[in-house]
Amino acid sequence: MKYKVMKKQKNSRKCIVCGMKNDLGLKASFYELENGELAAIFTPIEEHQSYPGRLHGGVAGAILDETIGRAINITDEDVWGVTVELNLKYHKPVALNEQLRVVGRITRDTRRLFEGTGEILLKNGDIAVSASGKYMKLPLSQIADFNEDTEEWRVLPSDEDPAEIEV
Ligand SMILES: CC(C)(COP(=O)(O)OP(=O)(O)OC[C@H]1O[C@@H](n2cnc3c(N)ncnc32)[C@H](O)[C@@H]1OP(=O)(O)O)[C@@H](O)C(=O)NCCC(=O)NCCS
Ligand SMILES: CCCCCCCCCCCCCC(=O)O
C-alpha cells in the first residue's frame, strides 16, 4: 500500500548508511510514514557488492539495522539506541544500481530496550531480506562524542523526496 510521507529524518556526514559525505556509503534517506512505519530509500552501487552484481549481505544488514533503529524516533526524537541483536533472513538476491525501498517498525518498547522488524523490498514488492533487531537505549553522551554541527546532523530536503511511498 502507498502511504503519505509525514516527515524526513536527518542525515549525517560520515555514517556508512546515512552519511552524505561518505563516498562509499549508502546515502540513504529516511521517511516517516502516516502508518507509523519508517521507510528508507537508497540505490546500492558497485562498491556495495559481494558477488558481482549482488548486494553484500552485510550491507543489507546495515540498512535494515539503521532503518529499525531509527523507527523509534517516529514517536520520540530523543531516543538513541545501540544494536544488541540483529537477525537476518535472506530470501532473494538484491541487484545493484536500482533504487530500493526498506521499511521498518517498532514491535516492543520498554524503559531500557526496544525491538523492531524490517524488510528490503524489490521493485515488484517482493521481500528480499527481512530482519529483526533489539536495541539498548542509551544517552547519546554514552554512545558518541557527538556534535550536531560538525557531524552535519540535519534534514536535507531534496527535489527527489517522495510525497508517498509504497511499502
Ligand atoms: C549494549 C551495551 C552498552 C551493554 O553494556 P553493559 O551495560 O556493560 O552490559 P551488561 O552486560 O551489564 O548489560 C546491561 C543490561 O542489558 C541487558 N542486555 C545486554 N545485552 C542484551 C541483549 N542482547 N538482550 C537483552 N538484554 C541485554 C543485560 O541483561 C543487563 O540487564 P540487567 O542490568 O537487568 O542485568 C554493550 O554491550 C555495548 O556497547 N555493546 C555494543 C553495542 C554496539 O556497538 N552495537 C552496534 C553499533 S550501534
Ligand atoms: C552523526 C550521527 C550518525 C548516527 C546515525 C544514526 C543512527 C541511528 C540508528 C541506530 C541504529 C544503530 C546502528 C548501528 O550502529 O548498528
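Conventions used here
- Residues numbered from 1 in each chain as written.
- Chains lettered and ligands numbered in written order.
- Predicted model: local features only at pLDDT ≥ 70, side-chain atom pairs only at ≥ 80, totals over all residues.
- Heavy atoms only, no water.
- Near = heavy atom within 4 Å.
- Polar contact = N/O pair within 3.5 Å; in protein donor to acceptor, adjacent residues only side chain to side chain.
- Areas by Shrake-Rupley, 256 points an atom, 1.4 Å probe, with all protein chains shown as cover.
- Helix = DSSP H or I, 4+ residues; strand = E, 2+ residues; numbered from the N terminus.
- Nonpolar A, V, L, I, M, F, W, Y, C, P; charged D, E, K, R; others polar.
- UniProt positions renumbered as here; feature names shortened; annotations may be inferred.

Lining the immediate environment of ligand 2, one finds Ser-12, Asp-65, Glu-66, Gly-69, Gly-81, Thr-83, Phe-146, Glu-151 and Trp-153. Between ligand 2 and the protein, one listed contact pairs an oxygen atom with a side-chain N or O atom of Asp-65 at 2.5 Å. Compared with its free state, where it exposes 480 Å², ligand 2 has 71% of that area covered by protein. Listing elements by their share of the shell around ligand 2, those giving two or more residues are helix 1 (57-71) and strand 4 (81-90). By residue class, the composition of the shell around ligand 2 is two nonpolar, four polar and three charged.

Turning next to the UniProt feature "domain: Thioesterase" (unreviewed entry) in the protein. Here, UniProt's "domain: Thioesterase" (unreviewed entry) annotation points to residues 53-125. Helix and strand shares over residues 53-125 are 21% and 40% respectively, and the end C-alpha atoms of the span are 20 Å apart.

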